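Listed below, chain by chain, are the residues.
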Amino acid sequence: MRGPNKKLTPFGKLVVKSLADRDMTKAELAAEIRVAPQYLSYILNGTRSGDKYLPAIIAALNLDPKTVTRTTVA
């Protein structure tokens, strides 16, 4: 049985949009940055900060680091 769905953080929304634009799945991104798919989900919904993996996510999706910083800063 699954727990309640968590809302995506602004960073999570940006990542999901970028994945859709690239026709890529979360599982593929998780494999590329070498984390478990569940841990990637934790990063995207804010359960975990994922600071160690943010540069890898940004690089894998060719995101502008300045955009990511502005998007994720509260």
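Residues numbered from 1 in each chain as written. Predicted model: local features only at pLDDT ≥ 70, side-chain atom pairs only at ≥ 80, totals over all residues. Heavy atoms only, no water.

> Mind showing me how you'd approach the environment of Y53 here?
Relative to the assigned elements, Y53 resides in the loop between α3 (37–45) and α4 (54–60). Between the C-alpha atom of Y53 and that of I43, which follows or precedes it by 10 residues, the distance is 8.9 Å. Apart from residues lying up to four places away in sequence, Y53 is in contact with I33, R34, V35, Y39 and I43. (Helix = DSSP H or I, 4+ residues; strand = E, 2+ residues; numbered from the N terminus. Contact = heavy atoms within 4.5 Å.)

> Would you mind showing me how to read helix α1 (residues 10–21) here?
Residue pairs three or four apart in sequence face the same way in an α-helix, which turns once every 3.6 residues. If you check α1, its first and last C-alpha atoms are 17 Å apart, about what 12 residues at 1.5 Å a residue would give, namely 16 Å. Taken residue by residue, α1 has F11, G12, V15, S18 and L19 as its buried positions. Relative to the axis of α1, the buried residues are bounded by an arc of 125° and lie together on one face. Exposed positions of α1 whose direction lies more than 90 degrees from the buried face are K13, K17, A20 and D21. One or two residues past the end of α1 sits D23, with phi positive at roughly 55°. (Expected span 1.5 Å × (residues − 1). Buried < 20%, exposed > 50% of the residue type's maximum accessible area, 1.4 Å probe, protein only. Arc of directions from axis to C-beta.)

> Hey, could you run me through the packing of aromatic side chains in this one?
The geometry of an aromatic ring pair is captured by two quantities: the separation of the ring centres and the angle between the planes. Across all of its chains, the model carries 1 aromatic pair by this definition. A centroid spacing of 5.8 Å and a plane angle of 70° characterise the contact between Y39 and Y53, whose relative ring orientation is edge-to-face. Placement of Y39 in helix α3 and of Y53 in the loop between α3 and α4 is noted, with a sequence separation of 14 residues between them. Using a relative accessible area of 18% as the deciding quantity, one classes Y53 as buried. (Phe/Tyr/Trp six-rings, centres within 6.5 Å; stacked < 30°, edge-to-face > 60°.)

> What exactly am I supposed to notice about α3 here?
For α3, the complete set of buried residues consists of L40, I43, L44 and N45. Those residues of α3 that are buried lie in contact with α1, α2 (26–33) and α4. Phi turns positive one or two residues past the end of α3, at G46, with a value near 85°.

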